[in-house]
Amino acid sequence: MSKSQSTSTQSLSHHLEKKISKSAELLEHNAFVLEEILKQFPVEGIPIIETQSIKLRNTFPSEAAETSEYTLARYIPPYYGTNKKDDINEEQPYEEAVQIIAHLTRDWSKDGSLIRDQTYSWIKQTLWSHHYESADSAVSSPLSPILVPGAGTGRLAFDLAFAYDEKCTSGCMLQFPFAVEAMDNSITMAAAANYMFHITYKDDTILTKNDTNSNGKLKIYPFVSDSLSNEVDTQRRWDSAMIPEESVLNQLQSIHKQSPHQRPKLSYTVGDFVTTYSLPSKREVFGSLVTLFFIDTATNIYEYIFTIHHLLRNGGVWINFGPVQWHRNSQLHPSTNELRDMIQLGGFEILYWEISDQLVAYRHPDDDLGSSRSTRSEAYRPLKFVAVKSNPSSKNSKDDCLLSSIEEVRLRTGRRSLNLDHND
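Residues numbered from 1 in each chain as written. Predicted model: local features only at pLDDT ≥ 70, side-chain atom pairs only at ≥ 80, totals over all residues. Heavy atoms only, no water.

1. Notes on the overall build of the chain
When you go through the chain residue by residue, the secondary structure sums to 11 helices and 15 strands. Here the contacts in the chain between residues at least 6 apart in sequence split such that 77% fall between residues at least 24 apart. Split by element, the accessible area of the chain, about 20400 Å² in all, is 49% carbon and sulfur. (Helix = DSSP H or I, 4+ residues; strand = E, 2+ residues; numbered from the N terminus. Contact = heavy atoms within 4.5 Å. Areas by Shrake-Rupley, 256 points an atom, 1.4 Å probe, with all protein chains shown as cover.)

2. Focus on the environment of glutamate 96
Residue placement: glutamate 96 occurs in the loop between β3 (71-73) and α2 (97-108). Owing to a relative accessible area of 5%, glutamate 96 belongs among the buried residues under this scheme. Through-space distance from the C-alpha of glutamate 96 to that of threonine 188 is 9.1 Å; in sequence the pair is 92 residues apart. (Buried < 20%, exposed > 50% of the residue type's maximum accessible area, 1.4 Å probe, protein only.)

3. Some words on the packing of helix α8 (residues 301-311) against helix α9 (residues 336-345)
Where α8 contacts α9, the two axes come as close as 10 Å, and the packing angle between them is 40°. Judged by the twist between their axes, the crossing of α8 over α9 is right-handed. In this structure, α8 uses Ile301, Tyr302 and Ile305 to contact α9, whose residues at the interface are Leu339, Met342 and Ile343. Looking at the contact of α8 with α9, its residues break down into 6 nonpolar, no polar and no charged. (Axes fitted to C-alpha atoms, helices over the stretch in contact; angles between N-to-C directions. Left-handed = near helix turned anticlockwise from the far one by under 90°. Nonpolar A, V, L, I, M, F, W, Y, C, P; charged D, E, K, R; others polar.)

4. Some details on the pattern of salt bridges
Applying the stated rule across the entire model yields 11 salt bridges. A salt bridge links arginine 116 to glutamate 245, with the nearest nitrogen and oxygen atoms 2.6 Å apart. Taken together, the residues arginine 116 in helix α3 (residues 113-134) and glutamate 245 in the loop between β8 (241-243) and α6 (246-254) connect sequence positions 129 residues apart. Here the two residues arginine 116 and glutamate 245 agree in accessibility, since each one is buried. Ionic pairing is found between glutamate 284 and arginine 283, a salt bridge with its closest N-O pair at 3.5 Å. In this structure arginine 283 comes out as buried when scored by relative accessible area, which is 13%. Among the ionic contacts, a cluster of salt bridges with common partners joins Arg116, Arg155, Asp159 and Glu245. (Salt bridge = Lys/Arg side-chain N within 4 Å of Asp/Glu carboxyl O.)

5. Details of the packing of α2 against helix α5 (residues 187-197)
For any two helices packed against each other, one specifies the crossing angle of their axes together with the interaxial distance. Look at α2 against α5: their axes get within 11 Å of each other, and the N-to-C directions meet at 35°. Read as a crossing pair, α2 and α5 show a hand that is right-handed. Where α2 abuts α5, its residues Gln99, Ile100, His103, Leu104 and Trp108 lie against Thr188, Met189, Ala192, Met196 and Phe197.

6. Observations concerning the pairing of strand β15 (residues 383-389)
Where burial is concerned, most of β15 is hidden: 7 out of the 7 residues are buried. Because side chains alternate across β15, one face comprises the buried residues Leu383, Phe385, Ala387 and Lys389, and the other comprises Lys384, Val386 and Val388, equally buried. Pairing geometry for strand β11 (residues 312-322) and β15, over 6 bridges, is antiparallel. Considered in β15, the bridge of phenylalanine 321 is made with lysine 384. The sheet contact formed by strand β12 (residues 348-355) and β15 spans 7 bridges and is antiparallel. Bridging across to β15, isoleucine 355 finds its partner in leucine 383. (Pairing = 2+ DSSP bridges.)

7. Describing the confidence of the model for the chain
The predicted structure's coordinates, where accompanied by low pLDDT, should not be read in detail. With 72% of its residues at a pLDDT of 70 or more, the chain has an overall mean of 78. Predicted confidence for residues 47-54 stays below pLDDT 50, and this span has 20 contacts to residues more than four positions away or in other chains. Ignoring residues within four places in sequence, the model shows residues 57-91, a span with pLDDT below 50, making 66 contacts including any to other chains. (pLDDT = per-residue confidence, 0-100.)

8. Topic: the packing of aromatic side chains
The tally for this structure, following the rule as stated, stands at 21 aromatic pairs. Aromatic side chains phenylalanine 273 and tyrosine 277 sit 5.8 Å apart centroid to centroid with 40° between the ring planes, which places their arrangement in the tilted category. Taken together, the positions of phenylalanine 273 and tyrosine 277, both in helix α7 (residues 273-277) and 4 residues apart, correspond to about one turn of that helix. Taken as a pair, phenylalanine 273 and tyrosine 277 share a single burial class, namely buried. Here the aromatic rings of phenylalanine 273 and tyrosine 304 are separated by 5.2 Å at their centres, their planes lie at 80°, and the arrangement is edge-to-face. Here phenylalanine 273, found in helix α7, pairs with tyrosine 304, found in helix α8; they are 31 residues apart in sequence, far enough to count as distant. These aromatic residues form a ring-pair network of at least three members: Trp108, Phe158, Phe162, Tyr164, Phe176 and Phe197. (Phe/Tyr/Trp six-rings, centres within 6.5 Å; stacked < 30°, edge-to-face > 60°.)

9. Focus: α3
Given a rise of 1.5 Å per residue, 22 residues ought to cover 32 Å, and the 30 Å separating the end C-alpha atoms of α3 matches this to within 8%. Tyrosine 120 marks the point of greatest bend in α3, at about 35°. Here α3 has its buried residues at Ile115, Arg116, Gln118, Thr119, Tyr120, Trp122, Ile123, Thr126, Leu127, Trp128, His130 and His131. (Expected span 1.5 Å × (residues − 1). Bend = angle between axes of the 7 residues up to and from the residue.)

10. Observations concerning unusual backbone geometry
A cis amide bond links serine 144 to the next residue, proline 145, at an omega of 0°. In this structure, proline 145 sits in the loop between α3 and β4 (146-149). Cis rather than trans, the peptide bond between isoleucine 243 and proline 244 has omega equal to -10°. You can see proline 244 is positioned in the loop between β8 and α6. Of note, the phi angle at glutamate 284 is positive, near 55°, even though the residue is not glycine. Along the chain, glutamate 284 falls in the loop between α7 and β10 (286-292). Phi angles above zero are rare outside glycine, and phenylalanine 293 is one such case at about 55°. Of note, phenylalanine 293 is situated in the loop between β10 and α8.

Written out as structure tokens, the structure is:
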């Protein structure tokens, strides 16, 4: 080996050592942040005859931990190993630390504001449009309550609950017209959401290691766990993000000044979507439902359609935004035109249907095409639609019809009976 080759090898070796050392330091930092976020949190248990889900009480500010009727839930996700980390088609487990960091960055940091503008803005504009078209009550919106399944760390549900009606003048009772129920099957995501919902009430000095906390915010490093493939600039791997953004802290602090009946109404339920919401007691409870990055998680999309139809009141609005990147558990992989037919046959009238020409990054704006961070793109063209429940339902037979339809789907596809899920 020549002297120049030896020098080059030593330089590369030194660079890799520094990279590994820096990665280890920042991974430890992220682990410390997650350990703080994924702490015990107050929950209200729903009676077993209703469902086995856990419902996080609407607490602004949080008082649940001080009452004896609530228990504390705690869940630290295990490490899921995989030999295919570099496969861009390989799904990372939903409760893995990488996913939690990615969701927190997209949902709660200023860095994710562009993606939220591209996704949340259209959803909120659609809700306001239907609200103003049909609002005929001084105390509630016809679209309320709103269900947000697959809510993750809860930012969309938070924004909808805090959506302020600018047309609401002095003395108006509908300053925050939308009561929102978020739900997810991950207690880990629920723990992260609970922390974000109540972060302003936490002691600012609670985190001190490695400058983790700054004025109520948490510093995280969303790119340090990225694959070593397709990397353009090593220094970009060390980029940090602060959560939550300043506007969230301002919103949370402002509710202290409001009387309880004027505060936003927000709850979070943990459970399986179909098992939890196919119950007879959930029939026609919601005025609207918003699915964001959700419908492609269905094991069988028919079950989601049946359940959504069951949940909505007649004339209820279903708003969807996201790709149709059917997950590995999915038994059916319909195209968008096939999905449209399925939704219409499921008792919905399609008011709006569009596959956007605009690419939307999933995790961070830098994941879009043209990014200086990577040689590949992680973006999609979202399916946006608005559907209204059109078929009137029979009070006496609709509940049995829903359950029997889902049972038939599960029987034909070799899946566990819904009755067993309800009775466990």
